[in-house]
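Single-letter residue listing:
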Amino acid sequence: DYREKFNDNLSKDLPRIPRVKKIEDFTIFSRSGKDLANLHINYDQVEKYPIKMNLSNFEGKDFHVEKMRFGRIDNKIDKSIVIYNHKITLVGVPSEAYTYIVNGKSALEWVMERQSVVVHKDSEIINDANLWAKETEKNAAYPLDLFLRIITVSLETMKIVKALPKLDI
C-alpha cells in the first residue's frame, strides 16, 4: 500500500514512517520494523535455507564460484535451479524468494551477480568473491552460504511484509 501511494516520492526520497489511525496498526508496524531490522542486520547469522546438496568430501577449491547462473528446462530459464559451479547445483529455490526486491532487483539475483569473479574492462582490476571468502571470512563456502541465507532472509522478509495490516493513514 505504501509503495503504491508514495511511489513518486520513493524514487527520490527516503521512506517516511506513516502516521496510522489505530494504535493496534502502529504496534504491528513497529514490531514488524524491528523484526525486519533484526533480520537484515543479522543476515549472516540466519539459518541457511535447506536445499539438498551432496557436499560430503568437498574441499575449499570445490566451492570456487566464477558466476552463478540459472538452470534451464526445455530451453527456458528456471529460477528454481541455480548452477553455482561445475560441481554444485541448487535445486528447489522457492519462487517466493525472488519477490523481495532491493533497488529494482531481487536480493538473490543481487547476490548471484556480486558473488562472482569480474575483471574490470579498462583497469583490468579483478574483483573476486572467492578471495573475500577465503581471506576475510575464512570460509571458502561463504558465497554459497550467503546465497542460502539470503533465501531465508527473502522468505522471512516477505512473510513479515505480507502480514502487515492495510495502510490506513
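The notes below deal with the structure included here. (Residues numbered from 1 in each chain as written. Predicted model: local features only at pLDDT ≥ 70, side-chain atom pairs only at ≥ 80, totals over all residues. Heavy atoms only, no water.)

1. So, the environment of serine 154
Turning to its location among the elements, serine 154 is positioned in helix H6 (residues 142–162). Spatially, the C-alpha atom of serine 154 lies 9.9 Å from that of tyrosine 43, the residues being 111 residues apart in sequence. Leaving out residues up to four positions away in the same chain, serine 154 has contacts with Ala97, Tyr100, Ala107 and Leu108. A distance of 2.8 Å separates a polar side-chain atom of serine 154 from the backbone oxygen of isoleucine 150. (Helix = DSSP H or I, 4+ residues; strand = E, 2+ residues; numbered from the N terminus. Contact = heavy atoms within 4.5 Å. Polar contact = N/O pair within 3.5 Å; in protein donor to acceptor, adjacent residues only side chain to side chain.)

2. Brief notes about helix H3 (residues 23–41)
Taking 1.5 Å per residue as the helical rise, H3 with its 19 residues ought to reach 27 Å, and the 27 Å between its terminal C-alpha atoms agrees with that figure. Along H3, the positions that sit buried rather than exposed are Asp25, Ser32 and Leu39. One face of H3 carries all of its buried residues, which in axial projection span an arc of 60°. Across H3 from its buried face, at more than 90 degrees, point the exposed residues Ile23, Lys34 and Ile41. Buried-residue contacts for H3 involve H6. (Expected span 1.5 Å × (residues − 1). Buried < 20%, exposed > 50% of the residue type's maximum accessible area, 1.4 Å probe, protein only. Arc of directions from axis to C-beta.)

3. Details of the environment of lysine 166
Mapped onto the elements of the fold, lysine 166 is located in the segment after H6. Taking the C-alpha atoms as reference points, lysine 166 and isoleucine 101, separated by 65 residues in sequence, lie 20 Å from one another.

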